[in-house]
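The lines below spell out each chain.
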Amino acid sequence: EITAHGWLDIESMRALRVDDYQREVLGATSNRKSSLRKAVGKGANLPDIMIGMRGQRYDERGETMILQDRCYIIDGLQRIAALLHCAESDPEEAKNITIGAEVRFNTTKDSEKKLFLILNTARIPVSPNVILRNLRTEYKSTLTLFGLSHSDKKFALFEKISWNQRMARGELLSALILHRTATVLHSHTGSVHSDRAESLVAGLDERAEAFGLSIFRQNVIDFFDIVDECFGLRSVEYREVSPQLKGNFLTALARLFSIHTDFWKGNRLWVDAGMRKKLKSFNIYEPTIVSLVGSGTRAL
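Model, not experiment: these values are computed from the prediction. (Residues numbered from 1 in each chain as written. Predicted model: local features only at pLDDT ≥ 70, side-chain atom pairs only at ≥ 80, totals over all residues. Heavy atoms only, no water.)

This part covers the pattern of salt bridges. Throughout the structure, instances matching the rule amount to 15 salt bridges. The shortest N-O distance in the salt bridge between R61 and D59 comes to 3.7 Å. On the basis of relative accessibility, which here comes to 58%, the residue R61 falls in the exposed class. On the accessibility criterion, D59 (31% relative accessible area) is partly exposed. One network of salt bridges, with partners in common, ties together D19, D20, R54, K109 and E112. (Salt bridge = Lys/Arg side-chain N within 4 Å of Asp/Glu carboxyl O. Buried < 20%, exposed > 50% of the residue type's maximum accessible area, 1.4 Å probe, protein only.)

Here it is in structure tokens:
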């Protein structure tokens, strides 16, 4: 099998074909397509695409290889669509748009289809936790939460937050649930409009700025101290049998605190001893509660 690697300019992208084994180009309202367009607009280098050429004819002109047989997109349709959209929006900039490509010669529709299925079913999506970890240098709220989980030994979940693809032994909570809980706690509406990492951190940054970053940090510390005092965190060994570590439970409790002014002194979270005593009496192991917190949707 012959392969070639190089760069495609915008005119070459326009000449690529799409066969019926491909997904449709995602609609204009798609979050993924929007994020691709934003990335292109910022000058990001997108991953290489894969092309199948149904033949092996080519010509060389200096350092340029001219592919003469029909070329089909095997992997990267959404990236190409985003680049073409940017080229249409800014024709002057279009001449600077390129993307890396791997070209496989002598492909057939069947061989391309097999590659397409392998690439799109065997590929493991990147965990939101990894995306959040990588975004910490751009968003102060995420950097604050990352620092809490790795640097503050007094934090109830110190070194127990997963920022990786898979949760390791001893980790009790994902970075995604940590962000979602912090967002709801500071929303005073109890709503989270998106669980996509990029949208979540942008919204959380706005809330952290409104509250003040140091107060935001302390509120998160206090929230999990309350959960620890009332239901236990530091003593937990198995997250699977701990309802207080489920995303539904944490966001429901954060929503309860957020929408009631009795739990706030200005921008500071404040739950007095009497209310903490009442919270301790709440039986989180009651079967209905266990069922609700373990459901796939936010049922509480």
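More follows now that the structure is in view.
Time to look at the nonpolar core. Grouped together as the largest cluster of nonpolar side chains are 51 residues, with contacts concentrated most on L145, L173, V220, F223, F224, F257 and L269. At the level of secondary structure, the elements contributing two or more residues to this core comprise α6 (128-135), α7 (140-151), α8 (175-185), α9 (197-211), α10 (213-231), α11 (247-259) and α13 (287-293). When residues of this core are assigned to their parent elements, the largest contribution, nine residues, is made by α10. Those residues in contact with L145 that lie beyond four places of it in its chain are W163, L178, H179, A182, L204, F216 and V220. Residues L16, I49, C71 and A101 belong to the second largest nonpolar core, which totals 23 residues. (Core = buried A, V, L, I, M, F, W, Y, C linked by side-chain atoms within 4.5 Å. Helix = DSSP H or I, 4+ residues; strand = E, 2+ residues; numbered from the N terminus. Contact = heavy atoms within 4.5 Å.)

This next bit is on the pairing of strand β4 (residues 64-67). In this sheet, β4 lies alongside strand β3 (residues 58-61) in antiparallel orientation, the contact comprising four bridges. Paired with Y58 across the strands is L67, a residue of β4. Taking the residues between adjacent antiparallel strands as the criterion, β3 and β4 are bridged by two residues, where G62 takes a positive phi near 65°. (Pairing = 2+ DSSP bridges.)

Across the interface, α10 lies against helix α12 (residues 273-280) with an axial gap of 8 Å and an inter-helix angle of 55°. Classified by the angle between their axes, α10 and α12 sit oblique to one another. The element α10 and its partner α12 pack so that their crossing is right-handed. Mapping the contact onto sequence places I226, E229, C230 and F231 in α10 and R276, L279 and K280 in α12. (Axes fitted to C-alpha atoms, helices over the stretch in contact; angles between N-to-C directions. Parallel < 35°, antiparallel > 145°, perpendicular 65-115°, else oblique. Left-handed = near helix turned anticlockwise from the far one by under 90°.)

What follows is about α11. Its 13 residues place the ends of α11 18 Å apart at the C-alpha level, agreeing with the 18 Å of an ideal helix rising 1.5 Å per residue. Counting buried positions over the 13 residues of α11 gives ten, a clear majority of the element. All of the buried residues in α11 are G247, N248, F249, L250, T251, A252, L253, A254, F257 and S258. (Expected span 1.5 Å × (residues − 1).)

Taken in spatial order, the four strands of this open sheet run β1-β6-β2-β5, and their pairing is mixed. Both edges of this open sheet fall to β1 (3-9) and β5 (71-75), since each of them pairs with a single strand only. Averaged over all adjacent pairs, the angle separating strand axes in this sheet is 35°, with direction ignored. Direction of pairing for strand β2 (residues 49-53) relative to strand β6 (residues 98-105): parallel, over a ladder of five bridges. Pairing of M53 across the sheet is with F105, part of β6. Across the sheet, helix α3 (residues 77-89) touches β2, β5 and β6, and the angle it forms with β5 is around 115°. Lying over the sheet, helix α5 (residues 109-121) contacts β2, β5 and β6, oriented at roughly 25° with respect to β5.

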